[in-house]
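# Descriptive analysis of the structure
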Amino acid sequence: LAFVSIAALSTGCVKSVHPFYEPKDLVSVEAEHLGAWSGRSENETWTLKKTDSEKTYALTYRNQDTETEFEAHFFKSGELLLVDLAPKRTEGLDGSPASAHQVPVHTLSLVRTAGKDRVSYAPLMQMHVRAHLQEKNPGISFSDLPHDELLLTAPTDRLKKDLIANLKEIWFCDPFPVLTRKK
């Protein structure tokens, strides 16, 4: 399974304070998705491993300067394979007053297979979700954050009913970098 840079996860994509899935929705991913994947540079690696918890995965992003750990949960909406990512811990929790204001959030991405040992991971883009919220007015609560970021605050059941059930593949970033399995 290929993944993207931390910058792509933090800008332009939809964030939620609640998961995009319910435990009953989770699916196991095939072994072909597990392992280490090369990013855009030699120094960028994404590693997906199974955890001791059923249908829960650990995703670790590494480059020469950073290591970030996520909890990954896969589920389907129709034919779309999706992954909900949330940090295992909030970076920079150093006991400073600022660290008390850091809140982990969930992001949602589409997983696409791009041939043998190649996949892409495309985040849900906020411009499409904003348009859906404005056109359909589904009653999903949200907050506008600085830098034109969107934070969904609706509970998971509302997200599933009014957002996940209406997802379209074009709502995900495209084209998105294809990453390859490390040998």
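What counts, and where the lines are drawn
- Residues numbered from 1 in each chain as written.
- Predicted model: local features only at pLDDT ≥ 70, side-chain atom pairs only at ≥ 80, totals over all residues.
- Heavy atoms only, no water.
- Salt bridge = Lys/Arg side-chain N within 4 Å of Asp/Glu carboxyl O.
- Helix = DSSP H or I, 4+ residues; strand = E, 2+ residues; numbered from the N terminus.
- Phe/Tyr/Trp six-rings, centres within 6.5 Å; stacked < 30°, edge-to-face > 60°.
- Buried < 20%, exposed > 50% of the residue type's maximum accessible area, 1.4 Å probe, protein only.

### Digging into the pattern of salt bridges
Evaluated as defined, the whole model comprises 10 salt bridges. Salt-bridge contacts for Lys24 lead to Glu22; the nearest nitrogen and oxygen are separated by 3.8 Å. The partner of Glu169 in a salt bridge is Arg112, with the nearest N and O atoms 3.3 Å apart. With Glu169 in the loop between helix H3 (156–162) and strand S11 (178–181) and Arg112 in strand S7 (residues 106–113), this pair connects stretches of sequence that are 57 residues apart. A cluster of three or more residues bridged by salt bridges with shared partners is formed by Glu22, Lys24, Asp25 and Lys160.

### A word on the packing of aromatic side chains
Enumeration over the complete set of coordinates arrives at four aromatic pairs. Where Trp46 meets Tyr61, the ring centres are 4.4 Å apart and the plane angle is 50°; that geometry is what we call tilted. Taken together, the positions of Trp46 in strand S3 (residues 45–50) and Tyr61 in strand S4 (residues 57–62) put the pair 15 residues apart, joining distant regions of the chain. In this pair, the class of Trp46 matches that of Tyr61, namely buried. Judged by centre distance (6.3 Å) and plane angle (25°), the rings of Trp46 and Phe70 are stacked. Pair noted here: Trp46 is in strand S3 and Phe70 is in strand S5 (residues 67–77), with a separation of 24 residues, a long-range link. For Phe70, a relative accessible area of 9% translates into the label buried. In textbook terms, an aromatic cluster arises when at least three aromatic residues are bridged by ring pairs, as seen for Trp46, Tyr61 and Phe70.

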